[in-house]
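# Understanding the architecture of this molecule
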Amino acid sequence: VAAEYLTSIAEAVITNIVPRVRQEFVKQYGEVPAGAYAILGYGKIDSHELTPTSDLDLVAIYDADLDSYSAGGPKSLPISAYYIRLTQRIASAFTSLTREGRLYSLDMRLRPSGDKGPLASSLESFRKYQNDDAWTWEHMALCRARLVFGDQGIRRKIENIIRMVLSRSRNLEKLVCDVFDMRVRMRSKHENCGPWDIKRRAGGLIDGEFIFQFLLLKYPSTEWGNSR
């Protein structure tokens, strides 16, 4: 029950802070014609399992004419720079240290290309990366993802991309090897977990999550997202 409340609080913070930051950002750089912005949440925020010490796994995605510029403000920016700077401002609003501490720590490494990729991804870049370049473990993570901010138009587009990625058929042998290899890598980082570590021990919660995600990818369904 506490995890559900903590997740609801985190979502309320996101849906209230992002528009406020955007409002201030627009005063300086204007708006993007027909632009849309969304935030995709991964992991515990998707499954409503946040704890008091959880960070937020977020990915920022935008949809706009990539050849256009922002308009209506004292300064103008090309689209990619506009949304990267906006995302930086939003991240700072969450992570800046105040007298009461930080709101949340953010982990944005699940964005396309990880730390090497831009802080905000265009919708087309997100689609292309998930279809052509993402590793199996990134599709496993996509099984636990949902939109926590964004208007209905871009929400539908992102959900359709995720649905197509998770509903495609896969090479079973490669899938088994990829999932097994990732689990071995994770376990090697926590070799000393004891019998009471129900999360990381053999047969624990992480193993259960891996089995569930493996089955979702092995038996693809076009029904992803209908129960969300």
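In this report, we go over the structure that sits alongside the text. Note that the structure is a prediction, hence the values are computed from the model and not measured.

Cut-offs applied
- Residues numbered from 1 in each chain as written.
- Predicted model: local features only at pLDDT ≥ 70, side-chain atom pairs only at ≥ 80, totals over all residues.
- Heavy atoms only, no water.
- Helix = DSSP H or I, 4+ residues; strand = E, 2+ residues; numbered from the N terminus.
- Buried < 20%, exposed > 50% of the residue type's maximum accessible area, 1.4 Å probe, protein only.
- Contact = heavy atoms within 4.5 Å.
- Areas by Shrake-Rupley, 256 points an atom, 1.4 Å probe, with all protein chains shown as cover.
- 1 Å grid on protein atoms, 1.4 Å probe; cavity = no way out; pocket = protein on both sides within 12 Å on 5 of 7 lines; lining within 4 Å.
- Points joined across faces, edges and corners; volume = space filled by probe spheres on them.
- Nonpolar A, V, L, I, M, F, W, Y, C, P; charged D, E, K, R; others polar.
- Salt bridge = Lys/Arg side-chain N within 4 Å of Asp/Glu carboxyl O.
- Core = buried A, V, L, I, M, F, W, Y, C linked by side-chain atoms within 4.5 Å.

### Remarks on the overall build of the protein
Looking only at helices and strands, the protein has eight helices and five strands in total. The helix and strand sequence of the protein, counted from the amino end, reads α-β-α-β-α-β-β-α-α-β-α-α-α. Counting only C-alpha atoms, the protein reaches 60 × 45 × 30 Å along its principal axes. Within the protein, the fraction of its 228 residues that count as buried is 41%. Expressed as a percentage of contacts within the protein between residues at least 6 apart in sequence, the contacts between residues at least 24 apart total 74%. Element-wise, carbon and sulfur atoms account for 53% of the exposed surface of the protein, whose accessible area totals about 13,100 Å².

### A look at empty space enclosed by the protein
For the coordinates displayed, the defined rule picks out two cavities of 30 Å³ or more. Estimated volume of the largest cavity: approximately 50 Å³. Within the residue set of the lining of the largest cavity, elements represented by two or more residues are β1 (36–42) and α3 (79–95). If you tally residues by element for the lining of the largest cavity, the top one is α3, at three residues. Classifying every residue of the lining of the largest cavity gives seven nonpolar, one polar and no charged. Counted as a void, the second largest cavity has a volume near 40 Å³. Lining the second largest cavity, in full, are R183, M186, R187, H190, C193, R200 and I206. Counting residues per element, the lining of the second largest cavity draws most heavily on helix α7 (residues 172–188), which supplies three residues. Split by residue class, the lining of the second largest cavity holds three nonpolar, one polar and three charged.

### Points about the pattern of salt bridges
Per the counting criterion, the structure on display carries 13 salt bridges. A salt bridge links D178 to K174; its shortest N-O distance comes to 2.6 Å. Taken together, the positions of D178 and K174, both in helix α7 and four residues apart, correspond to about one turn of that helix. Judged by its relative accessible area of 24%, D178 is partly exposed. The partner of D181 in a salt bridge is R185, with the nearest N and O atoms 3.2 Å apart.

### Focus on the nonpolar core
Core analysis: the largest hydrophobic core is formed by 29 residues, its most contacted members being I14, Y37, I39, L56, Y83 and F94. Mapped onto this core, the elements with two or more residues apiece are α1 (2–29), β1, β2 (56–63), α3 and β5 (145–149). If you tally residues by element for this core, the top one is α1, at eight residues. Residues F126, I162, L166 and V179 belong to the second largest nonpolar core, which totals 27 residues.

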